[in-house]
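# Inside the fold
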Amino acid sequence: MKKNQIFYFLLISLFIVSCSTDEITQDNEQSKEPTKQTITAKNRANLKPIGSGVMMQAFYWDVPAGGTWWNVVKGKVDDWSNAGIDAIWLPPVSKAQNGPFSMGYDPFDYFDFGEYDQMGSVETRFGSTAELQSLINTAHNNRLSVIADIVLNHNSGGNSEYNPFKGTNTYTDYQPLSGKFNRSYYDFHPNDLQANDEGVFGGFADLSHGKAYVQDWLWRTPNSVAQYYKNVVGFDGWRFDYVKGFAPWVVKEWKNTVGGFSVGEYWDGNAATLDWWSGQAEVSAFDFACYYRMRDAFQGNNLNRLNDDMLWKRNASKAVTFVANHDTDEIINNKILAYAYILTHEGYPTIFYRDYEEWLNKERMNNLIWIHNNLASGNTSILYTDNDEYVARRNGYNGHGLVVYINNSNNWQERWVETNWSNTRIKDYTGHSSWEPVTQGGKWVKIQAPPKSYTVWSVK
């Protein structure tokens, strides 16, 4: 009997201490030092280095609901890895306000991956916690890293509470069933620390990242979102949503705390702005400057726009290039030419799920992925542009590299170009041309490209 009494006394004492600690943290917002997480994710020993191949955006807007998507993706990772993909980017995995219908960008409970009955469902739109874990483990078994889509700017789904900083009720009372990261009006703008930060998104509750309590739960403590997602769930990298909404130091501190590949969605077509943000956050950025120049080039039929400024031209190591994503898909005409561009040029290219699986020729896409992974090395020299033609050279290492010839006209085109090679037989690795010319002593050679197509030349 005494043992039981002692046991219950200890439990009650721990509960009181725990509650007191929570109250102190909420009231005083004292930071905690992160400690090492002892639980580790599985099967990470032999992953391909992120950036060594090509990223797959493994979703599109409004993928089929019903909790099937994680299993759909799981069934494809083996083929993707064999094709040369090195990482898959998943949509936000946690329970959001719209429950079984949400794409995840209205986050409510960061720690509910499809196991708690809240927001109208147990599973997320994509599936259950077990199915997510199985997908990640299967991806790791196929040497693929898994990138989490992280929404830090805003939350949705809180209950109404009186907010003294606004003098009215706001939907800022968050009591998620996971029991983790409860939030109140103190954790959103405006509050006692600041009225606002860099930006809000629609009418969503705007998280206040200057609050120590918010920082603790997002990245600083062992049970934070960042550390739990990496060390327990098994994510290997991060795609940060709507980073215009908060300061670059937030991403920088997250990355410095937990590591992993990181890329931000700073939606801006100005290459200098992207370079500034990437430098401040010390992570990669999606190259929207490249995207908009490609739209003008291929959709607008003016390949001269490929001469313009892009992030990959300023800092290729921080540029993540793309032709389409779940938010924007404006390059419709001859989209394969845009993929020929990003998969032969500098930067870390991303392939959009629907382009690869549904809309474009998969054999041609796989060929371009192989070219990227095996031939596309070294810096870039643009050799020729006009409205319809674009020729560039990757200068390669140890005599390798390539020459890419994009032809947006309605006729075969031929052009003399300067290559990396003297007196060397070359061939087109796309199979679009049967020529196998020998370069001159001065490295010049004549190459060709079919209408509305491309060729990629390198040493035979």
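None of the values given here were measured: they were computed from a predicted structure. (Residues numbered from 1 in each chain as written. Predicted model: local features only at pLDDT ≥ 70, side-chain atom pairs only at ≥ 80, totals over all residues. Heavy atoms only, no water.)

## What about the side chain of T328?
Going by this rule: We count a stretch as a helix when DSSP gives it H or I for four or more residues in a row; a strand needs E for two or more, and each element gets its number in order from the N terminus. Using a 1.4 Å probe on the protein chains alone, a residue whose accessible area is under 20% of its type maximum counts as buried, one over 50% counts as exposed, and one in between counts as partly exposed. In what follows, residue pairs with any heavy atoms lying within 4.5 Å of each other are defined as contacts.
Here T328 is to be found in the loop between β13 (319–322) and α11 (335–342). Since its relative accessible area comes to 7%, T328 is described here as buried. Not counting the four nearest positions on each side in its chain, T328 is found in contact with W267, Y291 and F322.

## Observations concerning the confidence of the model for the protein
Heads up, the condition is: Confidence per residue, as judged by the predictor, is encoded in pLDDT with a range of 0 to 100.
Mean pLDDT over the protein stands at 92; residues scoring 70 or higher make up 91%. Note on residues 1–39: pLDDT is under 50 here. Beyond four places in sequence and across chains, it has 31 contacts.

## Description of the nonpolar core
One recurring pattern in soluble globular proteins: nonpolar side chains tend to sit buried together. The line we're drawing: Residues grouped as a nonpolar core are buried Ala, Val, Leu, Ile, Met, Phe, Trp, Tyr and Cys residues, joined through side-chain atoms within 4.5 Å.
The biggest cluster of nonpolar side chains holds 116 residues, and the ones touching the most others in it are I88, W254, F298 and Y341. Beyond its immediate chain neighbours, meaning those up to four positions away, W254 contacts I150, L152, L218, W219, V225, A226, W238, F240 and G259. Counting 10 residues, the second largest nonpolar core, distinct from the first, contains V391, Y405, I426 and W457.

## Observations concerning empty space enclosed by the protein
To find leftover empty space, one rolls a probe the size of a water molecule over the atoms. Here is the rule: The way it works is a 1 Å grid over only the protein atoms, where trapped points that fit a 1.4 Å probe form a cavity and open points with protein on both sides within 12 Å along at least five of seven lines form a pocket, and then any residue with an atom within 4 Å of a point lines it. Grid points are joined across faces, edges and corners, and a volume is the space filled by probe spheres set on the points. As a working rule, the residues Ala, Val, Leu, Ile, Met, Phe, Trp, Tyr, Cys and Pro are called nonpolar, Asp, Glu, Lys and Arg charged, and the rest polar, with Gly in that last group.
Within the structure shown, the criterion is met by two cavities of 30 Å³ or more. Of the volumes computed, that of the largest cavity is approximately 80 Å³. Taken together, P92, V93, S94, G104, P107, Y110, A148, D149, I150, V151 and Y229 form the lining of the largest cavity. Sorting elements by how many residues they give to the lining of the largest cavity places strand β5 (residues 145–150) first, with three residues. Grouping the constituent residues of the lining of the largest cavity by class yields eight nonpolar, two polar and one charged. Its boundaries defined by the atoms lining it, the second largest cavity holds a volume of some 30 Å³.

## A closer look at the packing of aromatic side chains
The following threshold applies: Classification of ring pairs uses Phe, Tyr and Trp, with its six-membered ring standing for Trp, and accepts pairs whose centres are within 6.5 Å; under 30 degrees between planes counts as stacked, over 60 as edge-to-face, and the remaining range as tilted. Charges are assigned to positions over rings by a cutoff of 6 Å between ring centre and Lys NZ or Arg CZ, combined with an angular limit of 35 degrees from the ring normal.
The tally for this structure, following the rule as stated, stands at 35 aromatic pairs. Taken together, Y110, F111, F113, F181, Y213, W217, Y228, Y229 and F235 form an aromatic cluster joined through their ring pairs. In this structure, R354 packs its charged tip against the face of Y60, placed 4.1 Å from the ring centre.

## What about helix α4 (residues 129–141)?
Note the threshold: Between the first and last residue of a helix there are one fewer steps than residues, each counted as 1.5 Å, and that sum is the expected span.
Here α4 is 13 residues long and its end C-alpha atoms lie 18 Å apart, about the 18 Å a rise of 1.5 Å per residue gives. Those residues of α4 not exposed but buried are L132, L135, I136, N137, T138, A139 and H140. Looking at the buried residues of α4, the elements they touch are α2 (69–74), α3 (77–83), β2 (85–89), β5 and α6 (225–233). Immediately beyond the C-terminal end of α4, within one or two residues, lies R143, with a positive phi of roughly 70°.

## A look at the packing of α11 against helix α13 (residues 362–374)
Our working definition: Interaxial angles span 0 to 180 degrees and are taken between N-to-C directions of axes, which are lines fitted to C-alpha atoms, for helices over the stretch in contact. Roughly parallel covers angles under 35 degrees, roughly antiparallel covers those over 145, roughly perpendicular covers 65 to 115, and oblique covers all other angles. It is the rotation of the near helix from the far one that decides the hand of a crossing: anticlockwise by less than a right angle makes it left-handed, clockwise makes it right-handed.
α13 packs onto α11 with a crossing angle of 15° between their chain directions and a minimal axis gap of 9 Å. If you check the angle between α11 and α13, you find them roughly parallel. You can see that α11 and α13 cross each other, and the crossing is right-handed. Note on element contacts: α13 touches α11 through R364, M365 and L368, opposite I336, Y339 and A340. Taken together, the residues of the contact of α11 with α13 sort by class into five nonpolar, no polar and one charged.

## Looking at the packing of helix α7 (residues 248–258) against helix α8 (residues 271–281)
Packing of α7 against α8 leaves a shortest axis separation of 7 Å and a crossing angle of 45°. In terms of orientation, α7 lies oblique with respect to α8. In this structure, α7 contributes P248, V251, K252 and K255 to the contact, and α8 contributes W276, W277, Q280 and A281.

## A closer look at the layout of surface pockets
The calculated volume of the second largest pocket comes to roughly 280 Å³. G51, A316, G347, Y348 and H372 are, among the 20 residues lining the second largest pocket, the residues nearest its centre. Mapped by element, the contributors of at least two residues to the lining of the second largest pocket are β13, β14 (348–352) and α13. Partitioned by chemical class, the residues of the lining of the second largest pocket number nine nonpolar, nine polar and two charged.

## What about the pairing of β13?
Spelled out, the test is: We call two strands paired when DSSP finds no fewer than two bridges between them. Seen with the strands pointing away from the viewer, any crossover whose path from the first strand over the helix to the second strand runs clockwise is right-handed.
In β13, alternate side chains face the same way, and those of A319 and T321 on one face and V320 and F322 on the other are all buried. Here two bridges tie strand β12 (residues 284–286) to β13, and the two strands are oriented parallel to one another. Paired with A285 across the strands is A319, a residue of β13. Sheet analysis places β13 next to β14, joined by three bridges and oriented parallel. Among the inter-strand pairings, V320 is bridged to a residue of β14, identified as Y348. Handedness of the crossover joining β13 and β14 through α11: right-handed.

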